[in-house]
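Below are the chains, spelled out letter by letter.
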Amino acid sequence: MSDEAYELGLPQGQVRLCEPTHRWAALFAEEAGRLHAALHPFSAAVEHCGSTSIPGVPAKPILDILVGIPGRIDVASIRNALVPLGYEHATWAGVPGHEVFGKGDPRTHLVHVVPLHGAAWDRMIGFRDALRSDAALAAEYGELKRQLAARYPNNRSAYTDGKAALVARVLAPT
């Protein structure tokens, strides 16, 4: 498949999955370098999260990036640091416990700013790591994503809601 098939970008509300590619890790590394430089004063931790960070799992062509900030999150200062990189504060994103910043039109990157090692951080990293360490679970998740994308190509909320039970099962205490 050509590199054009792996270009990032998806209009708001749409669901389209791409097959996994090593290019996602490279694109993340490039953006992580820019984010580290911009967020250096905040001692931010930057992690690749979401489906583009899980080998073998299809994903929407949007890089999800988790930024952990130790201490209090100064949203205005974070916004001022990210705007020069092309990010806007997506106050309408509606992700509880996250300050979300989006880049691109159509959207290519989503940065989720959360307290470092807080509940939101632990949830995102825990889910990613569980799927990275269990190929069968990752395959199950990938198949569910394909089914939901086919059912809800123009309803990203329904697509996301359809994954909730599997996410809860993966994150349930054992």
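See the structure printed just above.
Residues numbered from 1 in each chain as written. Predicted model: local features only at pLDDT ≥ 70, side-chain atom pairs only at ≥ 80, totals over all residues. Heavy atoms only, no water.

S.K.: Any chance you could explain the layout of surface pockets here in plain terms?
M.R.: In this approach, a probe sized like a water molecule rolls over the atoms, and the result shows the empty space that is left. There is about 1,300 Å³ of room inside the largest pocket. Looking at the lining of the largest pocket, the elements with two or more residues in it are strand S5 (109-115), helix H3 (119-132), helix H4 (135-151), helix H5 (156-162) and helix H6 (164-171). (1 Å grid on protein atoms, 1.4 Å probe; cavity = no way out; pocket = protein on both sides within 12 Å on 5 of 7 lines; lining within 4 Å. Points joined across faces, edges and corners; volume = space filled by probe spheres on them. Helix = DSSP H or I, 4+ residues; strand = E, 2+ residues; numbered from the N terminus.)

S.K.: Would you mind going over the environment of Leu 8 with me for this structure?
M.R.: For Leu 8, the position within the fold is in the segment before helix H1 (23-39). In contact with Leu 8, not counting residues within four places along its chain, are Trp 24, Leu 27, Pro 61, Ile 62, Leu 63, Thr 108 and His 109. (Contact = heavy atoms within 4.5 Å.)

S.K.: Looking at this model, I keep getting lost on the sheet that holds strand S2 (residues 63-69). Mind explaining?
M.R.: Paired through backbone hydrogen bonds, the strands of a sheet run either parallel or antiparallel to each other. Taken together, the five strands give an open sheet; going across it, the order is S1-S2-S5-S4-S3, and neighbouring strands pair in mixed fashion. Sheet topology places strand S1 (45-49) and strand S3 (87-89) at the edges, where each strand pairs with a single neighbour. Going across the sheet, the axis of each strand differs from the next one's by a mean of 25°, ignoring polarity. Of the strand pairs in this sheet, strand S4 (residues 99-103) and S5 are connected by five bridges, and their pairing is antiparallel. By the bridge assignment for S5, Lys 103 is matched with His 109. Where H1 meets the sheet, it contacts S1, S2, S3, S4 and S5, and its direction lies at approximately 160° from that of S1. Its contacts with the sheet put helix H2 (residues 75-82) on S2, S3, S4 and S5, and the angle it makes with S4 is roughly 15°. (Pairing = 2+ DSSP bridges. Axes fitted to C-alpha atoms, helices over the stretch in contact; angles between N-to-C directions.)

S.K.: Sorry if this is basic, but what is going on with the packing of aromatic side chains here?
M.R.: Ring pairs (aromatic) are described by centroid distance and by the angle formed between their planes. Scanning all chains against the criterion turns up one aromatic pair. Between Phe 127 and Tyr 141, the aromatic rings sit 5.1 Å apart at their centres with planes inclined by 80°, giving edge-to-face as the arrangement. In this pair, Phe 127 is assigned in helix H3 and Tyr 141 in helix H4, connecting sequence segments 14 residues apart. Tyr 141 carries the same exposure label as Phe 127, and that label is buried. (Phe/Tyr/Trp six-rings, centres within 6.5 Å; stacked < 30°, edge-to-face > 60°. Buried < 20%, exposed > 50% of the residue type's maximum accessible area, 1.4 Å probe, protein only.)

S.K.: For this particular structure, what's the right way to read the pairing of S5?
M.R.: The side chains of a regular strand alternate between the sheet's two faces. Within S5, six of the seven residues are buried, which leaves the element mostly enclosed by the surrounding structure. Direction of pairing for S2 relative to S5: parallel, over a ladder of seven bridges. Looking across to S5, one finds that Gly 68 is bridged to Val 114.

S.K.: I would appreciate a short explanation of unusual backbone geometry in the present structure.
M.R.: Most peptide bonds take the trans form, and the phi angle of most residues other than glycine is negative. Of the consecutive residues Asp 105 and Pro 106, the connecting peptide bond is found in the cis state with omega at 10°. Mapped onto the fold, Pro 106 is located in the loop between S4 and S5. With a phi close to 65°, His 117 is a non-glycine residue in the positive phi region. With respect to the helices and strands, His 117 occurs in the loop between S5 and H3.

S.K.: How should H3 be read in this particular structure?
M.R.: In an α-helix, one turn spans 3.6 residues; hence positions three or four apart end up facing the same way. With 14 residues, H3 should cover 20 Å at 1.5 Å per step; its first-to-last C-alpha distance of 20 Å lies within 8% of that length. Taken residue by residue, H3 has Ala 120, Trp 121, Ile 125, Phe 127, Arg 128 and Leu 131 as its buried positions. Here the buried residues of H3 occupy an arc of 155° about the axis, which is enough to place them on one side. Contacts from the buried residues of H3 go to S1, S2, S5, H4 and H6. (Expected span 1.5 Å × (residues − 1). Arc of directions from axis to C-beta.)

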